[in-house]
Amino acid sequence: MKRSRICFLRPSSVARVTLAALLLLSACGSSNDSASAPDAGAAESGSRDGMTTRRDGATSTIDGAAGTDRATNEDATAPDVGVPDTGSPPGNPIYVTQNGAGTMDGSACANAHPVSWFNTASSWGPAPTQIGPDAVVHLCGTFTGAPNSTMLNVLGRGAANHPVTIYFEPGALLTAPYWSGNDNPGRGAIDASSGNYITIDGGSNGAIQCSANGTGLAYQKSTLAVDMDNCNNCEVKNLTIQNLFVHKGDACDVDQTLVSGIAFQSGASHVTVDHVTIHDVGWAISSNASYTTIGPAVEIYNIDHGFIFGAQNGKTMSNVVFHDNQVHDYTAWDTAANCYHHDGIHGFGGTSGVVTDFTAYNNVFGGNTGGNFNMHIFLEGTNDGTPWTSSPNSVTRIFNNVFSATTGGIGLAGSGAIGGNALYANNTLTGSSPSVVVACEGFGNTSNVAPGAIVENNAVQNCGVLVGSTEPGPSQNGNFTVKTFDYNAYASCHDTYNCFFTNLNGVAIDTASFASWQSMSGFDAHSIASLASGTYFNLDATFRPMAGSPLMGKGDNLTSLCTGDLVALCKDITGTPRPASGPWTIGAFQ
């Protein structure tokens, strides 16, 4: 894969965190020192005092010796939507500790099997004393692995509606200096690559971590937390994956693509990640699997890449969905040499690989995006060497998202073929300043936006380029004959590169005038703009329109689209219903 950077002539924890808190974090440009983004040095040995926000909304202390977050209370007022199931799941309970305890019959934590029993083939099967469909394996206490080891090897399968569940009891922790990885013997802390119908449930505060892997630490190794290659109908939920590689400074000291939190590759299908926190890792989640769903309530931060997906050579991947999540803070992986360019979501593919559809909605992207930031959503195009799809009929649906950036470009979608039913609607995109954020709404290099595509109700501000459709600009052609490109709002752009900088079907557009853009493109007849104003939208710190905002009541009513994969469009990012008749508000909030 070519490590290219899209540009326009270059220039916690999650599950019960309220949406307002996530948006405020994004708005404030949080860094490694923020309350919800623990210090990247958490993996270092020794005591460390501090507080952080857990995924259950609790305030938690940080255990410096182990580098883990420990929840200390529960948020009783958390909303119902996205609340994780943190109770012990029903099923046949089997208890496991690292070395066993008591009678070692697996009847309780005090009489637990040793982990060696779990890793023995004869322990898997249909008998009540074996691990099989409906078994719930309770992990008790701390499991400490050697460098380059795997703690749990899944050697069997569940069945439809009867999964095998690996459940972390309160305080359960898998820790090692570094776990085995993609280029090492073994496959991660948990290797479920041979299983189907497997659920990994972190319970209330279960965690997987590396204790000594990172810049200036004992090891600089590739590593993997959870391997689910070839796993069908599998889920990871309620889990924290942390400090797999704590990167600092300018060191180009690891292949970040091989420092991974969760991997679904090869023959995997129908896989889900929800209510999971992943931080201080190179690539948080990667997938080649059809029916990949990431969300709700996944928080990813202090990363190089958040979610990476793509079809393998000659393969087809379908039904890829990323929703109701937060991705923020990339600066920990900055280097002077730009060894690691950062993307929130990165879609790319193999030779003749096809991704039929990709949907992203109700997400918050932001924080301190860092000096090596590329885009929040980057779908590679033909000029990048490994396009996310080889089919002009592939569909992207990106709506109800908040994108903010302190550097680089924001991007609804970086590039690539965009099929006839594409939708970019009701997104809010805001840079920190037009002089430092290069581009907001980019449709990438050699984009093919088909006649059925709809680009409406987007609020775009504080970027050098507000709309750009080619790389590096008017010198390249793009097929950009959308169905509708209208009812958008624009504010605050920079004249180094003009606010509208694109090539539409051979017509070069390079203008700072909104009226000229309307005339030359034929787009945005009902849109609004105040290109010199950085406060025109009148947004609060979470990017929600305040009273009197010109965004209110100026959007198109898209109720007719709210079917199938687009049902969520008829509610805003907070779940507030949009009106069935009459105008909508422009942007992610109603």
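About the thresholds
- Residues numbered from 1 in each chain as written.
- Predicted model: local features only at pLDDT ≥ 70, side-chain atom pairs only at ≥ 80, totals over all residues.
- Heavy atoms only, no water.
- Helix = DSSP H or I, 4+ residues; strand = E, 2+ residues; numbered from the N terminus.
- Areas by Shrake-Rupley, 256 points an atom, 1.4 Å probe, with all protein chains shown as cover.
- Phe/Tyr/Trp six-rings, centres within 6.5 Å; stacked < 30°, edge-to-face > 60°.
- Buried < 20%, exposed > 50% of the residue type's maximum accessible area, 1.4 Å probe, protein only.
- Salt bridge = Lys/Arg side-chain N within 4 Å of Asp/Glu carboxyl O.
- pLDDT = per-residue confidence, 0-100.
- Contact = heavy atoms within 4.5 Å.
- Core = buried A, V, L, I, M, F, W, Y, C linked by side-chain atoms within 4.5 Å.
- Disulfide = S-S within 2.5 Å.
- 1 Å grid on protein atoms, 1.4 Å probe; cavity = no way out; pocket = protein on both sides within 12 Å on 5 of 7 lines; lining within 4 Å.
- Points joined across faces, edges and corners; volume = space filled by probe spheres on them.
- Nonpolar A, V, L, I, M, F, W, Y, C, P; charged D, E, K, R; others polar.

**Let's talk about the overall build of the protein**
Turning to step 1, where the next piece is worked out: Each helix and strand counted, the protein has three helices and 46 strands in total.
Turning to step 2, where the next piece is worked out: Accessible surface for the protein amounts to roughly 18,600 Å². Of this, 52% is attributable to carbon and sulfur atoms.

**Observations concerning the packing of aromatic side chains**
Turning to step 1, where the next piece is worked out: The full count for this structure, using the stated rule, is 21 aromatic pairs.
Turning to step 2, where the next piece is worked out: An angle of 0° between the planes, with centres 5.1 Å apart, marks the rings of tyrosine 361 and phenylalanine 399 as stacked. Of this pair, tyrosine 361 sits in strand E27 (residues 357-361) while phenylalanine 399 sits in strand E30 (residues 395-399), placing them 38 residues apart in sequence. Summarising the burial analysis for this pair, tyrosine 361 and phenylalanine 399 share the class buried.
Turning to step 3, where the next piece is worked out: An aromatic cluster is built from Phe307, Phe309, Phe322, Phe358, Phe365, Trp388 and Phe403, whose rings are joined through pairwise contacts.

**Section: the pattern of salt bridges**
When charged atoms on two side chains of opposite charge get close, those side chains can pair.
Turning to step 1, where the next piece is worked out: Taken as a whole and assessed by the stated rule, the structure comprises four salt bridges.
Turning to step 2, where the next piece is worked out: Linking arginine 187 and aspartate 227 is a salt bridge whose minimum nitrogen-to-oxygen distance equals 2.8 Å. One end of the pair, arginine 187, is in the loop between strand E10 (173-176) and strand E11 (190-191); the other, aspartate 227, is in strand E14 (residues 223-227), with 40 residues separating them in the sequence.
Turning to step 3, where the next piece is worked out: The shortest N-O distance in the salt bridge between arginine 397 and aspartate 565 comes to 3.5 Å. Note that arginine 397 is positioned in strand E30 and aspartate 565 in the segment after strand E46 (528-530), a separation of 168 residues in sequence.
Turning to step 4, where the next piece is worked out: Judged by its relative accessible area of 14%, arginine 397 is buried.
Turning to step 5, where the next piece is worked out: Members of the salt-bridge network, linked through shared partners, are Arg187, Asp227 and Asp229.

**Things to note about the confidence of the model for the protein**
Turning to step 1, where the next piece is worked out: Of all residues in the protein, 76% attain a pLDDT of 70 or more, and the chain-wide mean is 81.
Turning to step 2, where the next piece is worked out: For residues 413-419, every residue scores under 50 in pLDDT, and the model assigns this stretch 53 contacts once sequence neighbours within four places are set aside.

**Section: the side chain of asparagine 362**
Turning to step 1, where the next piece is worked out: For asparagine 362, the location among the structural elements is in the loop between E27 and strand E28 (364-366).
Turning to step 2, where the next piece is worked out: Apart from the residues within four sequence positions on either side, asparagine 362 is in contact with Asp324, Asn325, Phe399, Asn400, Asn401, Asp572 and Ile573.

**Comments concerning the nonpolar core**
Turning to step 1, where the next piece is worked out: Core analysis: the biggest nonpolar cluster contains 102 residues, and Leu174 and Phe358 have the highest contact counts within it.
Turning to step 2, where the next piece is worked out: In contact with leucine 174, not counting residues within four places along its chain, are Leu139, Phe143, Met151, Leu152, Phe168, Trp179, Ala189, Ile190, Ala207, Ile208 and Gln209.

**Structural notes on the state of the cysteines**
Turning to step 1, where the next piece is worked out: Applying the stated criterion across every chain yields a total of five disulfides.
Turning to step 2, where the next piece is worked out: Each sulfur of the disulfide joining cysteine 109 and cysteine 140 lies 2.1 Å from the other. Torsion about the S-S bond of the cysteine 109 and cysteine 140 cystine: about -70°, corresponding to left-handed handedness. Taken together, the positions of cysteine 109 in the loop between strand E4 (92-97) and strand E5 (113-114) and cysteine 140 in the loop between strand E6 (135-139) and strand E7 (142-144) put the pair 31 residues apart, joining distant regions of the chain.
Turning to step 3, where the next piece is worked out: Exposure remark for cysteine 140: the relative accessible area of 8% places this residue in the buried category.
Turning to step 4, where the next piece is worked out: A sulfur-sulfur separation of 1.7 Å characterises the disulfide bridge that pairs cysteine 493 with cysteine 499. Between cysteine 493 and cysteine 499, the disulfide has an S-S torsion of 65° and is therefore right-handed.

**As for the layout of surface pockets**
Turning to step 1, where the next piece is worked out: Volume-wise, the second largest pocket comes out at about 310 Å³.
Turning to step 2, where the next piece is worked out: Along its surface, the second largest pocket is lined by 20 residues, and Gln265, Trp283, Ser286, Asn288 and Phe348 are the ones closest to its centre.
Turning to step 3, where the next piece is worked out: Looking at the lining of the second largest pocket, the elements that each hand over two or more residues are strand E17 (259-264), strand E19 (277-287) and strand E21 (299-309).
Turning to step 4, where the next piece is worked out: If you tally residues by element for the lining of the second largest pocket, the top one is E19, at three residues.
Turning to step 5, where the next piece is worked out: Counted by class, the lining of the second largest pocket contains six nonpolar, twelve polar and two charged residues.

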